[in-house]
Amino acid sequence: MDIALRVFRHNQYLELLQASDVDADDLTDLVCQCVECGNFVDWIPPNSPEALRKRSAHFRHPRNVDNKLAIYCEKRVSTYSSAKVKNLQKSITEARSRYVRKEFWKLMANYYCEVLNFQVNDILLDADPKYREMGSLLATNFREEPGNFTDNILSIMDYVFQGMPVWITHPYLGNKRRIMPNPSMQKYFMEHMTGKLNKKLHYLICLDVLKFIKECKSSWEICIRLFTLAAFCIIDYFQTGILLGLEAPDGMEILICEKDEQGNINFNFWENDKNKLIIYHYAIGHVLAWVALTPYNQTIPQASPN
């Protein structure tokens, strides 16, 4: 068979997989099922001693499966038209989309950030209204910008899966680069929360979530809340000197450290268009990292790493 269903430990996720697209150098967590009978099938590389067709990669039922069933499935799948394959792929994608629409905010609601020791909902309720204004503008830019964030996802997830810090940069920073989120937090997620991760699964989840928060009308409030929270984190990083790059009116670098007598931040930096763009790029990086860390169908408990 040339196609099979790739299944993941997350039971809401499937992928229609072409045998020729399988990377022979990375078979980690490759588990496939027959699209006809649902039995597990093996991926066979070209020229393998086990191959039914020596010159091409394909899927085949294990030898312990009834031979008549295996032959029947092979014949049925070989007659699939391109339209049928396309409809099958469409139904799989729609099923994933329904899951994301139903579950996403529940997954994100208890997101716990060890770096600042805060909860999402506490900040969204108590933060200065200016953050909401910033979040709304950033969310609007994100949803309306035609750019494709696929490259950002892959780059960020490469670091996340290695337990390393995520490096964010943009044209206005030049060679000045800073990291977010905290690498110890990432390592904690990797080792204690999700176990052994499947990069392909999280990439699919990431794409589905981004499509959801960019395109679905019902996700508008979610998008604003994500970027409001990202704006809060980023401004805090600027205040504490973790991030650099905002520009004063004279073009010199500034840190956000000015506060009034009540301890409120002076938001004059937000009037600078370059600063808005800098914060926007950081916010994109923050949101992409959060989405990539959304673990399967679990919420993250409210406990800091040991």
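Above this note sits the structure.
Residues numbered from 1 in each chain as written. Predicted model: local features only at pLDDT ≥ 70, side-chain atom pairs only at ≥ 80, totals over all residues. Heavy atoms only, no water.

## As for the environment of Leu255
Relative to the helices and strands, Leu255 resides in the loop between strand 11 (253–254) and helix 9 (273–292). Residue classification places Leu255 among the partly exposed residues on the basis of a relative accessible area of 41%. In this structure, the C-alpha to C-alpha distance between Leu255 and Gln239, residues 16 residues apart in sequence, is 6.0 Å. (Helix = DSSP H or I, 4+ residues; strand = E, 2+ residues; numbered from the N terminus. Buried < 20%, exposed > 50% of the residue type's maximum accessible area, 1.4 Å probe, protein only.)

## Looking at the pattern of salt bridges
Within the structure shown, the criterion is met by 4 salt bridges. Between Arg96 and Asp208 there is a salt bridge whose closest N-O contact spans 2.7 Å. Residue Arg96 is located in helix 2 (residues 82–109), and its partner Asp208 is located in helix 7 (residues 199–215); the two are separated by 112 residues in the primary sequence. Of the residues examined, Arg96 reaches a relative accessible area of 7% and is grouped as buried. Here Asp208 falls in the buried class, since its relative accessible area comes to 11%. Glu221 is the salt-bridge partner of Arg132, the closest N and O atoms lying 2.9 Å from each other. With a gap of 89 residues between them, Arg132 in helix 4 (residues 129–144) and Glu221 in helix 8 (residues 220–240) connect regions that are remote in the sequence. (Salt bridge = Lys/Arg side-chain N within 4 Å of Asp/Glu carboxyl O.)

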